[in-house]
Amino acid sequence: MSGLLALFPLVAAAATGNALPWDDAGQLVLVITPDWDASDGSLQRFERIDGRWQAVAAAVPITVGRAGSAWGIGLHPLQSHGPQKREGDGRAPAGAFALGDAFGYAGSADTAMPYRAMRASDYCIDVDGSPLYNRIVDRDEVGEAAVAGSTEPMRRDLHADGDQRYRQGLVIRHNPDNLAGAGSCIFAHLWKAPGEATAGCTAMDAEAMQALLAWLQPQAQPVFVLLPQAEYARLKRSWQLPQSAGAQP
């Protein structure tokens, strides 16, 4: 799969003491939703300055899965309470995650993140049981049979009546070991219409997406955190999270 945009494996690590897997992160994308079943929320960007998270922009509205959110698999310790993310459940993965490559329909983008210009032959495999599960692959390289059944053509404008949702996007590295049935193809991308929920991704308007992509710096090891309000309040101190403008006091 050389040269493909893939969801590269990461080892999920548990926090011990004050050490966190994202202690070296210099950028934080924080998404807060009202509760587990909410499909709306806010996104705010932070930078670590003099050892403390400081907001660099106001919170912006986003949407998540149509069924809300559920604990995903990422950089955070596994959580035993609350819903758990499964394939096809319509929930966005909650937790802390590394960010992968940016992608889109254009040949290039205003971002320092690694960028893949998607082609009509690019698919993300959401077929549970496929050896390519949770990976973005090129049909011309892996063969037609390998992408059969996938509902995630990455050029949705060409395959889904001009759909612009993947015109700009970013891989969220949920389920980095590609565990069958644990959820696949999780992105930040454009929303189809203002306020419209997703199948499990985080969606926003074009202005917010452009600002996010232009701001992200891979050397800053950016981390993406999504939490319902109650979990944010519970974990804010131990996860060393900042106060978000989208959170309740």
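Across all of its chains, the model carries five aromatic pairs by this definition. Seen in terms of ring centroids, Phe 103 and Phe 187 are 5.0 Å apart; in terms of plane orientation they differ by 70 degrees. Their pairing is edge-to-face. Within this pair, whereas Phe 103 is found in strand β6 (residues 91-104), its partner Phe 187 is found in strand β12 (residues 187-190), the two being separated by 84 residues in sequence. Here Phe 103 and Phe 187 have matching classes, each one buried.

Here we come to the pattern of salt bridges. Counted under the stated rule, the structure contains eleven salt bridges. Notably, a salt bridge pairs Arg 116 with Asp 122, separated by 2.6 Å at the nearest N-O pair. Residue Arg 234 is joined to Glu 231 by a salt bridge in which the shortest nitrogen-to-oxygen separation is 2.6 Å. Taken as a pair, Arg 234 and Glu 231 lie in helix α5 (residues 229-235) at a separation of three residues, close to a single helical turn. Owing to a relative accessible area of 42%, Arg 234 belongs among the partly exposed residues under this scheme. Through salt bridges with shared partners, a single ionic network connects Arg 119, Asp 138, Arg 139, Asp 140 and Glu 144.

As a further point, take the nonpolar core. Membership of the largest hydrophobic core comes to 46 residues, with the highest contact counts inside it found for Leu 170, Val 225 and Trp 239. In terms of residue count, the dominant contributor to this core is β6 (seven residues). Beyond its immediate chain neighbours, meaning those up to four positions away, Trp 239 contacts Leu 20, Trp 22, Trp 71, His 76, Pro 77, Gln 79, Gly 95, Ala 96, Val 225 and Leu 227.

Moving on: the sheet that holds strand β8 (residues 122-124). Overall, antiparallel pairing links the three strands, which are arranged β9-β8-β10 in an open sheet. Edge positions in the sheet fall to β9 (136-138) and β10 (152-153), since each has one partner strand and no second. As defined by bridge partners, β8 adjoins β9 across three bridges and the pair is classed as antiparallel. Bridged to Asp 122 within β9 is Asp 138.

This brings us to the environment of Ser 184. Locating Ser 184 in the fold gives a position in the loop between β11 (168-172) and β12. Residue Ser 184 is classed as buried on the basis of its relative accessible area of 8%. Residues Ser 184 and Gly 107, 77 residues apart in the sequence, show an inter-C-alpha distance of 25 Å. Excluding residues that lie within four positions of it along the chain, Ser 184 makes contacts with Glu 87, Ile 125, Asp 126, Tyr 133, Asn 134 and His 174.

On to unusual backbone geometry, then. Most peptide bonds are trans, and most residues other than glycine sit at a negative phi. The phi torsion at Asp 161 lies on the positive side, around 55 degrees, for a residue other than glycine. You can see Asp 161 is positioned in the loop between α3 (156-159) and β11. Unlike most non-glycine residues, Gln 221 shows phi in positive territory, near 50 degrees. Looking at the secondary structure, you find Gln 221 in the loop between α4 (206-215) and β14 (223-228).

Definitions and limits used
Residues numbered from 1 in each chain as written. Predicted model: local features only at pLDDT ≥ 70, side-chain atom pairs only at ≥ 80, totals over all residues. Heavy atoms only, no water. Phe/Tyr/Trp six-rings, centres within 6.5 Å; stacked < 30°, edge-to-face > 60°. Helix = DSSP H or I, 4+ residues; strand = E, 2+ residues; numbered from the N terminus. Buried < 20%, exposed > 50% of the residue type's maximum accessible area, 1.4 Å probe, protein only. Salt bridge = Lys/Arg side-chain N within 4 Å of Asp/Glu carboxyl O. Core = buried A, V, L, I, M, F, W, Y, C linked by side-chain atoms within 4.5 Å. Contact = heavy atoms within 4.5 Å. Pairing = 2+ DSSP bridges.

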